Amino acid sequence: MRAYCLGKPGAWADQPWEDDQVAKVGPKIFAFMGDETVMVKCGATRDEADEWLARYPEDARVAPYIGRSGWNVLRLGGAIPDDELTDAVDASYDRVVSKLPKRDRPPGWTPAPSHPPR
């Protein structure tokens with residue numbers, strides 16, 4: 001998952017806090033990369049992000065501290081299919097990039113169609 005996150009246009013790794021590896025685009029985080037989890041913005045609202053919790057109660061949980069903003073922790077290697085995990089990363093990345101000033105958006109990025117939960 002780290003390689004996938006860091007393979008996005010303009011993505012780079014950072015460690016802003018002691019045990020947290022994150023993927024950023026520009027100055028903004030779009031994924032927290034763990035060994036067994038990835039934490040991403042799963043919806044524009046908490047209600048949207050809660051759809052992940054309903055579908056995958058054993059493998060998705062509200063992110064500590066920033067969960068109220070639509071961030072969830074998704075477990076890798078569990079019931080969530082790999083393509084849905086990468087879709088979640090794509091959606092989080094797109095949300096961040098779309099809010100960057102146009103001059104700061106990475107070359108190669110184009111707005112993706114909406115990423116509704118499956």
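Above this note sits the structure.
The model shown is predicted, which means the values in this text are computed figures rather than measured ones.

Asker: Looking at this structure, I do not really get the pattern of salt bridges. What am I missing?
Answerer: A side chain with one charge can pair with a side chain of the opposite charge if their charged atoms come near. For the structure shown, the criterion picks out seven salt bridges. Between Asp 50 and Arg 46 there is a salt bridge; the shortest N-O distance is 2.8 Å. You can see Asp 50 and its partner Arg 46 sitting in helix α2 (residues 46–55), four residues apart, about one turn around the helix. Across the pair Arg 95 and Glu 48 runs a salt bridge, and its minimum N-O distance is 4.0 Å. Here the residue Arg 95 occupies a position in helix α3 (residues 82–99), and Glu 48 occupies one in helix α2, the gap between them amounting to 47 residues.

Asker: Help me understand the sheet that holds strand β5 (residues 60–62) in this model?
Answerer: Taken in spatial order, the six strands line up as β1-β2-β3-β4-β6-β5 in an open sheet, and their pairing is antiparallel. Either end of the sheet is taken by a strand with one partner, and the two such strands are β1 (11–17) and β5. Direction aside, the axes of adjacent strands within the sheet are offset by 30 degrees on average. Where strand β4 (residues 37–41) and strand β6 (residues 71–75) come together, five bridges link them in antiparallel fashion. When the sheet's bridge partners are listed, Lys 41 is paired in β6 with Trp 71.

Asker: Where do I start with the side chain of Asp 59 in this structure?
Answerer: For Asp 59, the location among the structural elements is in the loop between α2 and β5. A polar contact of 2.5 Å, which involves the side chain of Asp 59, links it to the side chain of Arg 75. There is a polar contact of 2.8 Å between the side chain of Asp 59 and the backbone nitrogen of Ala 79. When residues no more than four places from it in sequence are discounted, the contact partners of Asp 59 are Val 73, Leu 74, Arg 75, Gly 78, Ala 79 and Ile 80.

Asker: Any chance you could explain the state of the cysteines here in plain terms?
Answerer: Disulfides are covalent bonds that connect the sulfur atoms of two cysteines. Applying the stated criterion across every chain yields a total of zero disulfides. Cys 5 carries a free sulfur, and the closest cysteine sulfur to it, the one in Cys 42, is 12 Å from it. We classify Cys 5 as buried; its relative accessible area is 0%.

Asker: Looking at this structure, how should I read the packing of aromatic side chains?
Answerer: The geometry of an aromatic ring pair is captured by two quantities: the separation of the ring centres and the angle between the planes. Applying the stated criterion to the full structure yields four aromatic pairs. With a centroid separation of 6.1 Å and 10 degrees between ring planes, the pair formed by Trp 17 and Phe 32 is classed as stacked. Taken together, the residues Trp 17 in strand β1 and Phe 32 in strand β3 (residues 28–33) connect sequence positions 15 residues apart. Aromatic pair Phe 32 and Trp 71: ring centres 5.8 Å apart, planes at 85 degrees, arrangement edge-to-face. Pair noted here: Phe 32 is in strand β3 and Trp 71 is in strand β6, with a separation of 39 residues, a long-range link. Judged by relative accessible area, which is 10%, Trp 71 ranks as buried. Cluster of aromatic residues (ring-pair linked, three or more members): Trp 17, Phe 32 and Trp 71. We note Lys 8 situated over the ring of Tyr 93; from NZ or CZ to the ring centre the distance is 5.0 Å.

Calculation notes
Residues numbered from 1 in each chain as written. Predicted model: local features only at pLDDT ≥ 70, side-chain atom pairs only at ≥ 80, totals over all residues. Heavy atoms only, no water. Salt bridge = Lys/Arg side-chain N within 4 Å of Asp/Glu carboxyl O. Helix = DSSP H or I, 4+ residues; strand = E, 2+ residues; numbered from the N terminus. Pairing = 2+ DSSP bridges. Axes fitted to C-alpha atoms, helices over the stretch in contact; angles between N-to-C directions. Polar contact = N/O pair within 3.5 Å; in protein donor to acceptor, adjacent residues only side chain to side chain. Contact = heavy atoms within 4.5 Å. Disulfide = S-S within 2.5 Å. Buried < 20%, exposed > 50% of the residue type's maximum accessible area, 1.4 Å probe, protein only. Phe/Tyr/Trp six-rings, centres within 6.5 Å; stacked < 30°, edge-to-face > 60°. Lys NZ or Arg CZ within 6 Å of the ring centre and 35° of its normal.

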